[in-house]
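Next come the chains, spelled out residue by residue.
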Amino acid sequence: MTENNQQDVKLDENPNGTVSFATDVVATIAGLAVTEVDGVASMSSPAGGFADMFSRKNSRNFTKGVRIDLDGNKVTVDVTIVVEYGSPVPDVAHSIQENVKKAIETMSGLDVHAVDVHVSGVSFEREQRAAAELEEQRRKMLEKTDATAAAEPVKPVAETEPEAGAEAEPEGEADGE
């Protein structure tokens, strides 16, 4: 989805010169804004499919999964993401829309017409990592319990209390005296 038109956006023309930047700058701003949203596992390209579900959120290609369409000073943004399992998709999408709009308008001065969010998959990585951490904690607790049990001294049988129901001999009456 990174087929952004390689055109420069002319932002300002004044007696001192012009201010312009590449379309990929807007795509990078959008991509960074998307990765800041909780619930986004990674960016994805529409044709990427299965392989994109395993890409990391913090990969260096911030324009991956971002398409920018410019019409004068108006920008339409399409982003494709993989959402983390358990995250409410409508809330994640709404947060992406707000964050991308704010970032582009603040940093570039362009007017964001629309931010369209496409969810291409669900990542279970966070749940698998949490399950692995719980299993590791359980294993450490068992090792600690086993080590504590092994460190306790075992009393010899002769030094233990008499069994219930067994009568102890009174002192001085041993050997029939």
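Residues numbered from 1 in each chain as written. Predicted model: local features only at pLDDT ≥ 70, side-chain atom pairs only at ≥ 80, totals over all residues. Heavy atoms only, no water.

### Focus: a nonpolar patch on the surface
Together, Tyr85, Val122 and Phe124 make up an exposed nonpolar region whose accessible area comes to about 280 Å². Looking at the element boundaries, Tyr85 is found in the loop between strand E5 (74–84) and helix H2 (89–108). (Patch = residues over 30% accessible without salt bridge, like charges linked within 9 Å, V, L, I, M, F, W, Y side chains within 5 Å. Areas by Shrake-Rupley, 256 points an atom, 1.4 Å probe, with all protein chains shown as cover. Salt bridge = Lys/Arg side-chain N within 4 Å of Asp/Glu carboxyl O. Helix = DSSP H or I, 4+ residues; strand = E, 2+ residues; numbered from the N terminus.)

### Some thoughts on the confidence of the model for the protein
In the predicted model, the protein carries a mean pLDDT of 79, and 71% of its residues have values of at least 70. Taken element by element, the protein is modelled with least confidence in strand E1 (residues 8–14), mean pLDDT 71, and with most confidence in H2, mean pLDDT 96. Contacts of residues 55–59 to residues separated by more than four positions or lying in other chains number 11 contacts, the stretch itself having pLDDT below 50. (pLDDT = per-residue confidence, 0-100. Contact = heavy atoms within 4.5 Å.)

### Focus: the pattern of salt bridges
As a working rule, side chains carrying opposite charge can pair if their charged atoms are close by. For the coordinates displayed, the defined rule picks out 7 salt bridges. Close ionic contact of Asp78 with Arg67 constitutes a salt bridge, the shortest N to O distance being 3.5 Å. Taken as a pair, Asp78 in strand E5 and Arg67 in strand E4 (residues 66–71) lie far apart in primary sequence, 11 residues in all. Assessed through its relative accessible area of 9%, Asp78 is described here as buried. For Arg67, a relative accessible area of 24% puts it in the partly exposed group. A salt bridge links Arg139 to Glu143; the nearest nitrogen and oxygen atoms lie 2.4 Å apart. Taken together, the residues Arg139 and Glu143, both in helix H3 (residues 125–151) and 4 residues apart, mark about one turn of the helix. (Buried < 20%, exposed > 50% of the residue type's maximum accessible area, 1.4 Å probe, protein only.)

### A closer look at the environment of Thr23
Topologically, Thr23 is positioned in helix H1 (residues 23–35). Given the relative accessible area of 2%, Thr23 is considered buried. C-alpha of Thr23 to C-alpha of Ile68: the two residues are 45 residues apart in sequence and 7.3 Å apart in space.

### A look at the packing of H1 against H2
Running from N to C, H1 and H2 cross one another at 140 degrees; their axes reach a closest spacing of 8 Å. Considering their axes alone, H1 and H2 lie oblique with respect to each other. Our pair here, H1 against H2, has a crossing hand that is right-handed. Across the interface between the two elements, Val26, Ile29, Ala30, Ala33 and Val34 of H1 pack against Ile96, Asn99, Val100, Ala103, Ile104 and Met107 of H2. Within the contact of H1 with H2, the residues separate by chemical class into 10 nonpolar, 1 polar and no charged. (Axes fitted to C-alpha atoms, helices over the stretch in contact; angles between N-to-C directions. Parallel < 35°, antiparallel > 145°, perpendicular 65-115°, else oblique. Left-handed = near helix turned anticlockwise from the far one by under 90°. Nonpolar A, V, L, I, M, F, W, Y, C, P; charged D, E, K, R; others polar.)

### Regarding the nonpolar core
Grouped together as the largest cluster of nonpolar side chains are 26 residues, with contacts concentrated most on Val34, Val66, Val77, Ile96, Val100 and Ile104. Within the residue set of this core, elements represented by two or more residues are H1, strand E3 (40–43), E4, E5, H2 and strand E6 (111–123). Ranked by residues supplied to this core, first place goes to H1 with 6 residues. In this structure, Ile104 is in contact with Val26, Ile29, Ala30, Val77, Gly109, Leu110 and Val112, ignoring residues within four places of it in sequence. (Core = buried A, V, L, I, M, F, W, Y, C linked by side-chain atoms within 4.5 Å.)

### Section: the pairing of E5
Among the 11 residues that make up E5, 10 are buried, leaving the element largely enclosed by the rest of the structure. In the sheet, E3 pairs with E5 via 3 bridges, with the strands oriented antiparallel. Paired with Ser42 across the two strands is Val82, which belongs to E5. With 6 bridges joining them, E4 and E5 adopt antiparallel strand pairing. Pairing of Asp69 across the sheet is with Thr76, part of E5. (Pairing = 2+ DSSP bridges.)

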